[in-house]
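# Report on the structure
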Amino acid sequence: LTIDIDRRAIARYGINVADVHQIIETAIGGSEVSQLYEGERRYAIQLRYPENFRNSVDVIRETMLRTADNAMIPLESVASIKVIDSPPMVNRETGKRRVVVGANVAGRDLGGFVAEVQQQVEAKVKLPEGYYFSWGGQFENMQRAMGTLMVIVPLTIAAIYFLLFLMFNSARLAALIITVLPFASIGGVFGLALTGEYLSVPASVGFIALWGIAVLNGVVLITYVRKLREDGLPLNEALRQGCSQRFRPVMMTATVALLGLVPFLFATGPGSEVQRPLAIVVIGGLITSTLLTLVVLPVLYRWFEPPFAETDEERHRRLVNADI
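In what follows, the accompanying structure is described. Being a predicted model, the structure only gives us computed values, none of them experimental.

Take the nonpolar core next. Core analysis: the largest hydrophobic core is formed by 41 residues, its most contacted members being Leu164, Val215, Ile222 and Tyr301. Within the residue set of this core, elements represented by two or more residues are α5 (138–168), α6 (171–178), α7 (180–195), α8 (201–230), α9 (235–245), α10 (247–265) and α11 (272–304). For this core, the leading source of residues is α8, giving 13 residues. Core analysis: the next-biggest nonpolar cluster, separate from the first, contains 15 residues, Ile10, Ile15, Leu75 and Val78 among them.

Set out below in structure tokens:
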């Protein structure tokens, strides 16, 4: 309902714009004239015309105004009153008008949904000059978080490699243990695919947590194998004994972390959209990383082991001579 006041007309009748605004507010919208207190509750008392005097455009046109000389004139004498189609509110951002179109995404990934919508909009919607689309909300937050993760993930892998290098003083052993990262990632990806989840920010954080546990298990195994080799055991015997002796610690580390995250799989309340993807990635990744660490990592050790100063035969001969 648009009421456009004719300033020349109200000037002829000696009426101010504020007088017209006041009668419109009181008659149609209602104006607060007092307050009612009931104990600690407070209610506003509003005054406005009965419904039959404000329920149509024709009736509103007949709303009476008092002029400067106490004459009564209808509202339509000093204003243009009509109903038009328009936004109920004009929003602005950075000095530009903005219209918000909202959508709740369910049953699919947010990034894929927005990409499909962008493709359809680009193909079917032609905007006038000066208009443009801006994709925000949760999608904007996700894009910002993914951009941060694109920096954090490589730095995390580099930091893990650097710490492993300092620990073993060997670039080859550090590279060997880094190979557990794809072992763990395989399970996380399959877990997301089997449960119908998508690669989201919580899932990405889950991969980082998973890599830490997987690297820890790899360090436990390779450290013990390395110690056995330095004590003089042949390669095959050191690998067999290392896997046998470190089977329990590796399984205990993985099992404790896995069982601790099982309740997150069944979370349904607030925050479950963060807990479930993270738990799925870690649990699925621990299953594959534990199995592959105990099976594949010892096989790869044969190619990654740094050369010793003496061969296995020389070391064996030296130890036998020492016993004699």
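Moving on, there is more to tell.
Across the chain, the bulk of peptide bonds are trans and the bulk of non-glycine residues have phi less than zero. You will see that Asn70, though not glycine, has its phi angle at about 65 degrees, which is positive. For Asn70, the position within the fold is in the loop between β4 (64–66) and β5 (72–74). Given a relative accessible area of 54%, Asn70 falls into the exposed group. Its identity is not glycine, yet Asn169 carries a phi of approximately 55 degrees, on the positive side. By the secondary structure assignment, Asn169 is in the loop between α5 and α6.

Side chains of Val33, Leu36, Tyr43, Ile45 and Leu47 sit close together on the surface and give an oily, nonpolar patch of about 430 Å² of accessible area. No other element matches strand β3 (residues 41–47), which puts 3 residues into the nonpolar patch. Tracing the sequence through the fold places Ile45 in strand β3.

Before going further, it helps to spend a moment on the pattern of salt bridges. Between side chains of opposite charge, pairing is possible as soon as their charged atoms come close. Under the criterion given, the structure shown has 3 salt bridges. A salt bridge links Glu237 to Arg240; the nearest nitrogen and oxygen atoms lie 3.2 Å apart. Here the residue Glu237 and the residue Arg240 both occupy positions in helix α9, the gap between them amounting to 3 residues, near one helical turn. With a relative accessible area of 32%, Glu237 lands in the partly exposed category. Classification of Arg240 by relative accessible area gives exposed; the value is 53%.

So, about the layout of surface pockets. Volume-wise, the second largest pocket comes out at about 160 Å³. Considering the residues around the second largest pocket, the lining is formed by Met146, Leu149, Met150, Val153, Leu199, Ser204, Phe207, Ile208 and Trp211. If you list the elements that add at least two residues to the lining of the second largest pocket, you get α5 and α8. For the lining of the second largest pocket, a count of residues per class yields 8 nonpolar, 1 polar and no charged.

This part is about the environment of Ile287. Assignment of secondary structure puts Ile287 in helix α11. Of the residues examined, Ile287 reaches a relative accessible area of 44% and is grouped as partly exposed. Through-space distance from the C-alpha of Ile287 to that of Leu192 is 14 Å; in sequence the pair is 95 residues apart.

It is worth spelling out the pairing of strand β2 (residues 31–38) at this point. As judged from the 7 bridges shared by β2 and β3, these two strands associate in the antiparallel manner. Looking at the pairing, Leu36 lines up with Tyr43 of β3. Hairpin connection between β2 and β3: a loop of 2 residues separates the two successive antiparallel strands, and Gly39 in this loop has a positive phi of roughly 65 degrees.

Another aspect to go through is the pairing of strand β6 (residues 79–82). Here β6 shows a clear split, with Ala79 and Ile81 buried on one side and none of Ser80 and Lys82 buried on the other. The sheet contact formed by strand β1 (residues 2–5) and β6 spans 4 bridges and is antiparallel. When the bridges of β6 are listed, Ile5 appears paired with Ala79.

Mapped onto the elements of the fold, Asn104 is located in the loop between β8 (96–98) and α4 (110–124). In the structure, Asn104 is positioned 34 residues away from Gln138 in sequence and 9.9 Å away in space, judged by C-alpha atoms.

This part is about α5. The terminal C-alpha atoms of α5, which comprises 31 residues, lie 43 Å apart, in line with the 45 Å expected from a rise of 1.5 Å per residue. Taken as a whole, α5 has its buried residues at Phe139, Met142, Leu149, Ile160, Leu164 and Phe168. Each element contacted by the buried residues of α5 is listed here: α4, α6 and α8. Just beyond α5, the residue with positive phi is Asn169, at close to 55 degrees.

Along the chain, Arg229 falls in helix α8. A relative accessible area of 2% means that Arg229 is categorised as buried. Here the side chain of Arg229 touches Leu233 through a polar contact of 2.9 Å, landing on its backbone oxygen.

Thresholds applied
Residues numbered from 1 in each chain as written. Predicted model: local features only at pLDDT ≥ 70, side-chain atom pairs only at ≥ 80, totals over all residues. Heavy atoms only, no water. Core = buried A, V, L, I, M, F, W, Y, C linked by side-chain atoms within 4.5 Å. Buried < 20%, exposed > 50% of the residue type's maximum accessible area, 1.4 Å probe, protein only. Helix = DSSP H or I, 4+ residues; strand = E, 2+ residues; numbered from the N terminus. Patch = residues over 30% accessible without salt bridge, like charges linked within 9 Å, V, L, I, M, F, W, Y side chains within 5 Å. Areas by Shrake-Rupley, 256 points an atom, 1.4 Å probe, with all protein chains shown as cover. Salt bridge = Lys/Arg side-chain N within 4 Å of Asp/Glu carboxyl O. 1 Å grid on protein atoms, 1.4 Å probe; cavity = no way out; pocket = protein on both sides within 12 Å on 5 of 7 lines; lining within 4 Å. Points joined across faces, edges and corners; volume = space filled by probe spheres on them. Nonpolar A, V, L, I, M, F, W, Y, C, P; charged D, E, K, R; others polar. Pairing = 2+ DSSP bridges. Expected span 1.5 Å × (residues − 1). Contact = heavy atoms within 4.5 Å. Polar contact = N/O pair within 3.5 Å; in protein donor to acceptor, adjacent residues only side chain to side chain.

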